Amino acid sequence: MSRLHKMSIQGIRSFGNRDQDTQVITFFSPLTVIVGPNGSGKTTIIECLKYMSTGIMPPGAKTGGAFVHDPKVAHDTEVRGQIRLLFQDVTGHNVQVQRTLVATQKVI
């Protein structure tokens, strides 16, 4: 049986894009409950899990632009979003998957 261990999120939606802003979620067995106020990132965590396991972007984020932290908000021309997922596969081996997305702002 597969098992999730940890996921780190950086530069995705409201999660900051600096190294010190990386958030790590640890999954517990047999259950992890994700709670928090509106706008705290609960849906983003679920959408990151879906993206990491299926490669399907969240609704309305076909190119990743609406999924990656907004460069205008970050006061930067480029924001790099990164998600890492550590899990145990069905054979018992630990596997780490990483996906990186980049959003750029055109400077006129």
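Our subject is the structure that appears above.
First, a word on what this report is: a plain description of the structure on this page.

**Description of the pattern of salt bridges**
A side chain of one charge can pair with a side chain of the opposite charge if their charged atoms are brought near each other.
Item 1. Enumeration according to the criterion identifies 3 salt bridges in this entry.
Item 2. In this structure, the salt-bridge partner of Arg13 is Glu47, at a minimum N-O distance of 2.3 Å. Of this pair, Arg13 sits in the loop between strand 1 (3-10) and strand 2 (23-26) while Glu47 sits in helix 1 (residues 42-54), and the two are 34 residues apart along the sequence.
Item 3. For Glu78, the salt bridge goes to Arg80, with nearest N and O atoms at 3.5 Å.
Item 4. Judged by relative accessible area, Arg80 falls into the partly exposed class, the value being 46%.

**A look at the sheet that holds strand 1**
Item 1. With antiparallel pairing, 4 strands are arranged side by side in an open sheet as 2-1-3-4. Edge positions in the sheet fall to strand 2 and strand 4 (94-104), since each of these pairs with one other strand and no more. Each strand of the sheet is rotated relative to its neighbour by a mean of 10°, with strand direction disregarded.
Item 2. Alignment of strand 1 against strand 2, held across 4 bridges, turns out to be antiparallel. Looking at strand 2, one finds that Ser8 is bridged to Val24.

**Details of the packing of aromatic side chains**
Item 1. In this structure the tally under the stated criterion is 1 aromatic pair.
Item 2. Judged by centre distance (5.8 Å) and plane angle (75°), the ring pair of Tyr51 and Phe67 falls under edge-to-face. Of this pair, Tyr51 sits in helix 1 while Phe67 sits in the loop between helix 1 and strand 3 (78-88); the two residues are 16 residues apart in sequence, bridging distant segments of the chain.
Item 3. The class for Tyr51 is buried, based on a relative accessible area of 8%.
Item 4. Here the guanidinium or amino end of Arg99 rests over the ring plane of Tyr51, the centre of that ring lying 4.9 Å away.

Cut-offs used in this document
Each chain has its residues counted from 1, following the order in which its sequence is written. Local features in this predicted model are restricted to residues of pLDDT 70 or higher, and side-chain atom pairs are both shown and tallied only at a pLDDT of 80 or more, whereas totals for entire chains, interfaces and linings draw on every residue. With hydrogens and water set aside, each side-chain value is computed from the structure's full complement of heavy atoms. The rule for a salt bridge is simple: a side-chain nitrogen of Lys or Arg has to be within 4 Å of a carboxyl oxygen of Asp or Glu. Note on conventions: DSSP H or I runs of at least 4 residues are helices, E runs of at least 2 residues are strands, and numbering of each starts at the N terminus. Between buried and exposed lies partly exposed: a residue is buried under 20% and exposed over 50% of the maximum accessible area for its type, with that area taken using a 1.4 Å probe on protein chains only. Here the rule is simple: two strands pair whenever DSSP picks up at least two bridges between them. For helices, the fitted axis covers only the stretch in contact; all axes are lines through C-alpha atoms, and the angles between them, taken along N-to-C directions, range from 0 to 180 degrees. Each Phe, Tyr or Trp ring, with Trp reduced to its six-membered ring, pairs with another whose centre is within 6.5 Å; inter-plane angles below 30 degrees give stacked pairs, above 60 give edge-to-face pairs, and intermediate values give tilted ones. Here, a charge over a ring means that NZ of Lys or CZ of Arg falls within 6 Å of the ring centre while also lying within 35 degrees of the ring normal.

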